[in-house]
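Here is what each chain is made of, one letter per residue.
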There are 2 protein chains.
Amino acid sequence: MAQTSVEEKIILVTNDDGITAPGLRHLVEAVKSLGKVVVVAPDSPQSGMGHAITIGVPLRLYAVNLFEGIEAYQSSGTPVDCVKLAKDKILHRAPDICLSGINHGANHSINVIYSGTMSAAMEAAIEGIPSIGFSLLDYRFDADFTAARQVAYQLTRQMLDTPDLPKGSLLNVNIPALPLSQLKGIRICRQAYAKWVEEFDERRDPRGEKYYWLTGRFQNLDEGTDTDVWALENGYVSVVPTHFDLTNYALKDFLHQHWHVQLKT
Amino acid sequence: MAQTSVEEKIILVTNDDGITAPGLRHLVEAVKSLGKVVVVAPDSPQSGMGHAITIGVPLRLYAVNLFEGIEAYQSSGTPVDCVKLAKDKILHRAPDICLSGINHGANHSINVIYSGTMSAAMEAAIEGIPSIGFSLLDYRFDADFTAARQVAYQLTRQMLDTPDLPKGSLLNVNIPALPLSQLKGIRICRQAYAKWVEEFDERRDPRGEKYYWLTGRFQNLDEGTDTDVWALENGYVSVVPTHFDLTNYALKDFLHQHWHVQLKT
């Protein structure tokens, strides 16, 4: 990669909607004044890929000239693959921050688990890299990213400027589909307990065989006012500090107290 | 589905190695005396799929006759898709427990994030279903599942028999590749902090174009003796209680204290 000044921060940008998605371009534009931006993104949309990695087929990685003055690559892999490739094959070091998005559509509450946007950010966090996933609550191709860009700029700058930031800090940021003037502010939240009520759309193909489209309805089961869903419904940007230690310590205590499983040999 | 007696427990079994994997058959055999087993598994291997769901293509679901006396289906979807389809299209109710595995290969520490085995179990947990993912530390097709079967039987029975089990309890169980007689016991652990050091294998295709195979070396960065990696290295079965609330409460407290981000409008 090109030479950078000693002080210049390396900002890795990726997403899961693919390298041609408008949200990615808006993110690049929003943060390019804060450091040297390098883009490594999937060559096609990867929504719903969760924390998938590609092990059964080899990966491709090509330089592209899509963003003026910005080094950029597209990969045949998932968002997680992109972060791995960026670190090992392009940057040859860890970036100072990894940004993912801006996703076209929400990734709040339980959706963090299915989200390719957040999986890329999480992959960076596992490597000890401060990281943020941004999602706008508007699926449309021509969504208005004005407010989301302002949020991305401010939070990225804040993260880069925070001394003693805990290692591998990871944020899941969602932005309501509102004009900037109507946003009430930024709230640091916990992940709401919510889920999808699946309703598979059952159809028959021309040969008469059944097939199913996954569809569903989102259901918030959490009445807390400290959740991301509450914040978004009330006009706030939600910031959920996120981690990758999936240990359920409360259940661990319960099992230590109640389970005494002896292996029968 | 077929009628079941009022008391009989419904045990949903799935995996990520695919419906023909020996580990799945061993799991079915291990627990079939504990209730009515219904199998819904991917029609092909899905390792490394993380919490992927299928939204871009429709899903297929076919009954198969692979396990004597056991209702079974294969799906074109991911492990998570299988759990969703099982609940909505086959059982028409939540099973009493969901078991995933027995995976051919480890899913300890950070691998829980990439694991299709655990993603299926986690999907069930989100639905409030007690759930366990089982993985044997032996990748081979003809691995010896004797000890793993005994572990699966005992933990499944324990989970079904525990009164007041917290809702959606989810366990990540890994079994060392040891004969049953050499296993030291079962330990309830936390997830070790570990990661993969990637080393992409760079090659050239016949046209001279570069491509990359993802490979890498596992690195345990955690010196704790209460982790799953420690347990496995010391001859114990590791049981990590796992959850899907990814909120990092410690980082949340830090940000509440140190960040005061005002939206500039």
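Quantities reported herein were computed from a predicted structural model and do not represent experimental measurements. (Residues numbered from 1 in each chain as written. Chains lettered and ligands numbered in written order. Predicted model: local features only at pLDDT ≥ 70, side-chain atom pairs only at ≥ 80, totals over all residues. Heavy atoms only, no water.)

## Digging into the overall build of chain A
And step 1. Looking only at helices and strands, chain A has 6 helices and 13 strands in total.
And step 2. The C-alpha atoms of chain A give a radius of gyration of 20 Å, which matches the 18 Å a tight globule of 265 residues would have.
And step 3. Taken along its principal axes, the extent of the C-alpha atoms in chain A is 60 × 55 × 55 Å.
And step 4. Per-residue burial over chain A gives 62% buried out of 265 residues.
And step 5. A sequence separation of at least 24 residues applies to 76% of the contacts in chain A between residues at least 6 apart.
And step 6. A total of about 10,800 Å² of accessible surface is found on chain A, and carbon and sulfur atoms cover 48% of it.
And step 7. Each charge sign in chain A was given a centre, from 24 positive and 31 negative side chains, and these centres are 2 Å apart. (Helix = DSSP H or I, 4+ residues; strand = E, 2+ residues; numbered from the N terminus. Rg over C-alpha atoms; globule rule 2.2 N^0.38 Å. Buried < 20%, exposed > 50% of the residue type's maximum accessible area, 1.4 Å probe, protein only. Contact = heavy atoms within 4.5 Å. Areas by Shrake-Rupley, 256 points an atom, 1.4 Å probe, with all protein chains shown as cover. Lys, Arg positive; Asp, Glu negative; His and termini not counted. Charge placed at Lys NZ, Arg CZ, Asp CG, Glu CD.)

## So, the relation of the copies chain B and chain A
The operation linking the two copies of the chain is a rotation about an axis combined with a translation along the axis.
And step 1. Take chain B, turn it by 180°, move it 0.0 Å along the axis, and it overlays chain A with an RMSD of 0.0 Å. Taken together, these values place the two copies in the relation of a two-fold axis.
And step 2. Of all interface residues in chain B, 100% are interface residues in chain A too; the two copies therefore contact each other through one and the same surface. (Least-squares fit on C-alpha atoms with pLDDT ≥ 70 in both.)

## Overview of the nonpolar core
And step 1. The biggest cluster of nonpolar side chains holds 68 residues, and the ones touching the most others in it are Val40(A), Val40(B) and Ile113(B).
And step 2. Listing elements by their share of this core, those giving two or more residues are strand E1 (10–14), strand E2 (36–42), helix H2 (79–91) and helix H3 (116–126) of chain A together with strand E1 (10–14), strand E2 (36–42), helix H2 (79–91) and helix H3 (116–126) of chain B.
And step 3. With residues near it in sequence (within four places) discarded, Val40(B) still touches Leu12(B), Val13(B), Thr14(B), Leu61(B), Tyr73(B), Cys82(B), Ala86(B) and Ile90(B).
And step 4. Of all hydrophobic cores here, the second largest spans 47 residues; its members include Phe254(A), Ile11(B), Leu27(B) and Ala147(B). (Core = buried A, V, L, I, M, F, W, Y, C linked by side-chain atoms within 4.5 Å.)

## Quick word on the interface of chain B and chain A
And step 1. Each partner contributes to the interface: chain B provides 90 residues, whereas chain A provides 90 residues.
And step 2. Approximately 8,300 Å² of surface area, both sides summed, lies buried where chain B meets chain A, with 65% of it carried by carbon and sulfur atoms.
And step 3. Taken as a group, Leu246(B), Trp259(B) and Leu263(B) account for 10% of the area that chain B buries against chain A, more than any other trio of residues on that side.
And step 4. At the surface where chain B touches chain A, the tally comes to 6 salt bridges.
And step 5. Salt-bridge contacts for Lys195(B) lead to Glu127(A); the nearest nitrogen and oxygen are separated by 2.9 Å.
And step 6. Between the two partners, chain B and chain A, sit 28 residue pairs in polar contact (both at pLDDT 80 or more).
And step 7. Counting residues per element, the side of chain B that touches chain A draws most heavily on helix H6 (residues 249–258) of chain B, which supplies 7 residues. (Buried area = accessible area lost by both parts, 1.4 Å probe. Salt bridge = Lys/Arg side-chain N within 4 Å of Asp/Glu carboxyl O. Polar contact = N/O pair within 3.5 Å; in protein donor to acceptor, adjacent residues only side chain to side chain.)

## Observations regarding the sheet that holds strand E7 (residues 170–175) of chain A
Residues and elements named next belong to chain A.
And step 1. Pairing in this open sheet of 9 strands is mixed, and the strands run E3-E4-E2-E1-E5-E6-E7-E13-E8 from one edge to the other. Looking at which strands have only one partner, the edges of the open sheet turn out to be strand E3 (61–64) and strand E8 (185–188). Taken over all neighbouring pairs, the strand axes of this sheet differ in orientation by 20° on average, direction set aside.
And step 2. Pairing geometry for E3 and strand E4 (residues 71–75), over 4 bridges, is antiparallel. Across the sheet, residue Leu61 finds its bridge partner in E4, namely Ser75.
And step 3. This element, H3, spans E1, strand E5 (97–104), strand E6 (131–136) and E7 of the sheet and lies at about 170° to E6.
And step 4. The strands that helix H4 (residues 146–161) touches are E1, E5, E6, E7, E8 and strand E13 (236–241); relative to E6, the one it contacts most, it runs at about 170°. (Pairing = 2+ DSSP bridges. Axes fitted to C-alpha atoms, helices over the stretch in contact; angles between N-to-C directions.)

## Focus: the packing of helix H1 (residues 22–31) of chain A against H4(A)
Residue and element names in this part refer to chain A.
And step 1. Running from amino to carboxyl end, H1 crosses H4 at an angle of 50°, the nearest separation of the two axes being 9 Å. Here H4 runs oblique to H1, going by the angle between their axes. Viewed along their axes, H1 and H4 form a crossing whose handedness is right-handed. Residues His26, Leu27, Glu29, Ala30 and Val31 of H1 lie in contact with H4, whose contacting residues are Arg149, Ala152, Tyr153 and Thr156.
And step 2. Here the contact of H1 with H4 is composed, by residue class, of 5 nonpolar, 2 polar and 2 charged. (Parallel < 35°, antiparallel > 145°, perpendicular 65-115°, else oblique. Left-handed = near helix turned anticlockwise from the far one by under 90°. Nonpolar A, V, L, I, M, F, W, Y, C, P; charged D, E, K, R; others polar.)

## Notes on the UniProt feature "binding site: a divalent metal cation" (unreviewed entry) in chain A
Residues and elements named next belong to chain A.
And step 1. Here, UniProt's "binding site: a divalent metal cation" (unreviewed entry) annotation points to Asp16, Asp17, Ser47 and Asn103. Spatially, the listed residues are clustered: although they cover 88 residues, their C-alpha atoms lie within 9.2 Å of one another.
And step 2. Along the polypeptide, Asp16 turns up in the loop between E1 and H1.
And step 3. One polar contact links Asp16 to Thr117, side chain to side chain, over a distance of 3.1 Å. (UniProt positions renumbered as here; feature names shortened; annotations may be inferred.)

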